[in-house]
Amino acid sequence: MAEPFRVFWQPGCSSCLKAKEFLARHGIPYDSVNVLEGDDGMAALQALGAKSVPVVSKGTDFVFAQNLGDLAAFVGVERDARTLSTRALVDKVRRVIEVAETHARQLPDAALATQLPGRDRSYRDLAYHIFVITEAFLESAGGGTLTFEFFERRPPDSVKSGADIAAFGKEVTKRFEDWASKITPHDAQAQALKTYYGDQSLDDLLERTAWHMAQHTRQLETVIEAQGVVLSDRLSEEDLAGLPLPDHVYDDEVPLEPDSQTPAS
């Protein structure tokens, strides 16, 4: 009997959810391993030689599943071709940052400490994380190495409110705009950016940055609206067009809200 594929994941992880949905869409069965449930899953992940998720394995072979092209090659299917140019991806990031800033300002202070299901991450952490994703991209695009630990950064004690998070987002926006003003088509073709899951092309990492941020912004929309707040702005279908977002807003196995199992439109 052939070894099954295994997906090592954790709740709220956008790339984990995308990997599971990718396999399901291609009719590829897999064993689901939530590494935050008990110790066995994390031990099995580490036995492979990996320390971060998502990872898809078959026997002792595995692939880091952040890059869908790498995942597609590992399971033997074709990945849908990317349709957006470098400039279009830059515009997507700009728009997501803009919306995420407005959401952060509208996040009620009373809800900041609320925990996300199945995860040691609060609504405050979630809002802050959106802008950390942009910082992580800039770290790699600037010649550094993007580490898994970078994504685990939590807001400092000085960030006490949604307005503080939005102010942090505005600072990150300025740095992103400075980078975007200098990028050339040659850079987009020639650069190989260093990450913990292998070297990535600039467009691959920029695409992942855009949809990773957008996915967490959709989650932030959900939790803010659950507080009875009417959002002043939100991501539209046009804003998200061309990005390989997961169908679900949070996770298919651990719902964010009672009705969040329904795929997003």
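Refer to the structure above for everything that follows.
Definitions and limits used
Residues numbered from 1 in each chain as written. Predicted model: local features only at pLDDT ≥ 70, side-chain atom pairs only at ≥ 80, totals over all residues. Heavy atoms only, no water. Pairing = 2+ DSSP bridges. Helix = DSSP H or I, 4+ residues; strand = E, 2+ residues; numbered from the N terminus. Axes fitted to C-alpha atoms, helices over the stretch in contact; angles between N-to-C directions. Contact = heavy atoms within 4.5 Å. Buried < 20%, exposed > 50% of the residue type's maximum accessible area, 1.4 Å probe, protein only. Right-handed = clockwise from strand over helix to strand, strands pointing away. Core = buried A, V, L, I, M, F, W, Y, C linked by side-chain atoms within 4.5 Å.

J.: Just to check I follow, could you spell out the pairing of strand E2 (residues 30-34) for this structure?
T.: The side chains of a regular strand alternate between both faces of the sheet. Note that strand E1 (residues 5-9) and E2 share 5 bridges and pair parallel. In the strand pairing of E2, Val 7 is matched with Ser 32.

J.: Just to check I follow, could you spell out the sheet that holds strand E3 (residues 55-58) for this structure?
T.: What holds strands together in a sheet is hydrogen bonding between their backbones, with the strands either parallel or antiparallel. The strand order across the open sheet formed by 4 strands is E2-E1-E3-E4, and the pairing between neighbours is mixed. If you trace the sheet from one side to the other, it starts and ends with E2 and strand E4 (61-64), each paired once. Neighbouring strand axes in the sheet, compared pairwise and without regard to direction, differ in orientation by 20° on average. Those strands touched by helix H1 (residues 14-25) are E1, E2 and E3, and its axis lies near 160° from that of E1. Most of the contacts of helix H3 (residues 68-75) go to E4, to which it runs at about 160°, and overall it touches E1, E3 and E4.

J.: Where do I start with the pairing of E1 in this structure?
T.: Summarising burial for E1: 4 of the 5 residues are buried, a large majority. Once the chain exits E1 it traverses H1 before rejoining the sheet at E2, and the crossover so formed is right-handed. Sheet topology places E1 next to E3; 4 bridges connect them, and they run antiparallel. Considered in E3, the bridge of Phe 8 is made with Val 55.

J.: Just checking my understanding: could you explain the nonpolar core for this structure?
T.: Generally speaking, a soluble globular protein has its nonpolar side chains buried in company with each other. Counting 83 residues, the largest nonpolar core has Leu 71, Phe 137, Trp 179 and Leu 206 as its most contacted members. Considering each element in turn, this core owes the most residues, 12 residues, to helix H5 (residues 123-141). Other than its neighbours up to four places away in sequence, Trp 179 contacts Val 90, Phe 137, Leu 138, Ala 141, Leu 202 and Leu 206.

J.: Looking at this structure, I do not really get the environment of Lys 92. What am I missing?
T.: Along the chain, Lys 92 turns up in helix H4 (residues 86-106). Relative accessible area serves as the criterion here: at 11%, Lys 92 is assigned to the buried category. Between the C-alpha atom of Lys 92 and that of Asp 239, which follows or precedes it by 147 residues, the distance is 6.7 Å. Filtering out sequence-adjacent residues up to four positions away, Lys 92 remains in contact with Leu 84, Ala 210, Glu 238, Asp 239, Leu 240, Ala 241 and Leu 243.

Note that all results are geometric; they support no functional claim without further evidence.
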